[in-house]
Amino acid sequence: MAKRKLNVGLLTLGMVATNFYFVFDPEKIDESGKKHVICFDPGDRGKYIYDYLSEKDFVVDLILLTHGHFDHIGGVEELKELTGAKVGCYEKEIAICQDPHLNLSNYYGMNLGITPDVTYKDGDIIEAADLSCKLIATPGHTSGGCCYYFEDADILISGDTLFEESIGRTDFPTSSTSELVRSVTERLFVLPDETYVYPGHGEMTTIGHEKEYNPFF
């Protein structure tokens, strides 16, 4: 079956170079000439993100979080206010989103806390912006970390679960190395090798590459 051709836009933001992604179908344009997107992990500079997308005629339909660490939620409130889009996350990550200690923001004097508008269960299909993705629970980096899988386009937004030839840190509150390794092997490495992986930091990779070259497996 022919795969759908979706585009993945990228802005790298914040003090630890977090990847903010927006996914869209370049062939879907509304009556006003705008393209609709799902955004992932607006970690900083919400107004900058909004201005950047608006200048390119993008409309934000939904904001999704892979996990609640400060460097992935720092721009959420501003982007939400400017776009009116709802914010969603895995149901087991709410406490980390809300708690400055658990999301590490208090270590940097930020005192960040957000409350998502909607939560999802493992395996839920999320539809917005003429797109459809599945939430895959991948605990380990945080207890409620997750990835988002666009099966029809071979795209995985992996957050800090899986990186190019690495995995997320497990020395934070609620982290677990054994859980993270199990999440990758049992939940991600079962995906097709050609699946493109867009991580929370660093460069894009593929499932096939990580199965062969990632030193943690």
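A few points on the structure. Remember, it's a predicted structure, so these values are computed and weren't measured experimentally.

Rules used in this analysis
- Residues numbered from 1 in each chain as written.
- Predicted model: local features only at pLDDT ≥ 70, side-chain atom pairs only at ≥ 80, totals over all residues.
- Heavy atoms only, no water.
- Core = buried A, V, L, I, M, F, W, Y, C linked by side-chain atoms within 4.5 Å.
- Buried < 20%, exposed > 50% of the residue type's maximum accessible area, 1.4 Å probe, protein only.
- Helix = DSSP H or I, 4+ residues; strand = E, 2+ residues; numbered from the N terminus.
- Contact = heavy atoms within 4.5 Å.
- Polar contact = N/O pair within 3.5 Å; in protein donor to acceptor, adjacent residues only side chain to side chain.
- Expected span 1.5 Å × (residues − 1).
- Arc of directions from axis to C-beta.
- Patch = residues over 30% accessible without salt bridge, like charges linked within 9 Å, V, L, I, M, F, W, Y side chains within 5 Å.
- Areas by Shrake-Rupley, 256 points an atom, 1.4 Å probe, with all protein chains shown as cover.
- Salt bridge = Lys/Arg side-chain N within 4 Å of Asp/Glu carboxyl O.
- Pairing = 2+ DSSP bridges.
- Axes fitted to C-alpha atoms, helices over the stretch in contact; angles between N-to-C directions.

## Brief notes about the nonpolar core
Next, step 1: Phe 20, Phe 22, Cys 39, Leu 53 and Leu 65 are the most contacted members of the largest nonpolar core, which totals 25 residues.
Next, step 2: At the level of secondary structure, the elements contributing two or more residues to this core comprise strand S1 (7–13), strand S2 (18–24), strand S3 (35–40), helix H1 (46–55), strand S4 (58–64), helix H2 (70–73), helix H3 (76–83) and strand S5 (86–90).
Next, step 3: Apart from the residues lying within four places of it in its own chain, the contact partners of Leu 65 are Asp 41, Pro 42, His 72, Ile 73, Val 76, Val 87, Gly 88, Cys 89, Cys 97, Ile 114, Cys 146 and Tyr 148.
Next, step 4: Ranked by size, the runner-up nonpolar core spans 23 residues in total, among them Leu 64, Tyr 148, Ile 157 and Tyr 198.

## As for the side chain of Ser 105
Next, step 1: Note on placement: Ser 105 falls in the loop between helix H4 (94–98) and strand S6 (118–120).
Next, step 2: Side-chain polar atoms of Ser 105 contact the side chain of Asn 103, separated by 2.7 Å.
Next, step 3: Not counting chain neighbours up to four residues away, the residues in contact with Ser 105 comprise Phe 70, Pro 100, Met 110, Asn 111 and Leu 112.

## Overview of the environment of Leu 131
Next, step 1: Here Leu 131 is to be found in strand S8 (residues 131–137).
Next, step 2: Its relative accessible area of 3% is what places Leu 131 among the buried residues.
Next, step 3: The sequence separation of Leu 131 and Gly 33 amounts to 98 residues, and the corresponding C-alpha distance is 18 Å.
Next, step 4: Apart from the residues within four sequence positions on either side, Leu 131 is in contact with Arg 4, Leu 6, Val 23, Phe 24, Asp 25, Ile 38, Ile 126 and Phe 150.

## Observations regarding helix H5 (residues 177–188)
Each α-helix winds once per 3.6 residues, and so residues spaced three or four apart point in a common direction.
Next, step 1: An ideal rise of 1.5 Å per residue puts 16 Å on 12 residues; H5 measures up with 16 Å between its terminal C-alpha atoms.
Next, step 2: All buried positions along H5 are accounted for by Leu 180, Ser 183, Val 184 and Leu 188. On an axial view of H5, the arc spanned by its buried residues comes to 90°, and they lie on one face.
Next, step 3: Where H5 is buried, its residues touch S8, strand S9 (146–150), strand S10 (155–159), strand S11 (162–163), strand S12 (166–167) and helix H6 (207–213).

## Observations regarding a nonpolar patch on the surface
Next, step 1: A cluster of nonpolar side chains, namely Met 15, Val 16, Tyr 107, Tyr 108 and Met 110, defines an oily patch on the protein surface of about 520 Å² accessible area.
Next, step 2: Relative to the elements of secondary structure, Tyr 107 occurs in the loop between H4 and S6.

## Some details on the pattern of salt bridges
Next, step 1: Across all of its chains, the model carries 10 salt bridges by this definition.
Next, step 2: Note that Glu 91 and Lys 121 form a salt bridge whose closest N and O atoms lie 3.3 Å from each other. Taken together, the positions of Glu 91 in the loop between S5 and H4 and Lys 121 in the loop between S6 and strand S7 (125–128) put the pair 30 residues apart, joining distant regions of the chain.
Next, step 3: Judged by its relative accessible area of 30%, Glu 91 is partly exposed.

## Quick word on the sheet that holds S9
Next, step 1: Reading across from one edge, S7-S8-S9-S10-S13-S14 is the order of the 6 strands in this open sheet, with mixed pairing throughout. Strands with a single pairing partner mark the edges of an open sheet, and in this sheet they are S7 and strand S14 (205–206).

## Notes on the sheet that holds S6
Next, step 1: A sheet is described by the order of its strands in space; here 6 strands give the open sequence S1-S2-S3-S4-S5-S6, paired in mixed fashion. The open sheet has two free edges, formed respectively by S1 and S6, since each of these has just one partner strand. Neighbour to neighbour, the strand axes of the sheet diverge by 30° on average, direction disregarded.
Next, step 2: Relative to S3, S2 runs antiparallel, the two sharing 3 bridges. Looking at the pairing, Phe 22 lines up with Cys 39 of S3.
Next, step 3: Each of S1, S2, S3 and S4 is contacted by H1, which is oriented at about 145° to S1, the strand it contacts most.

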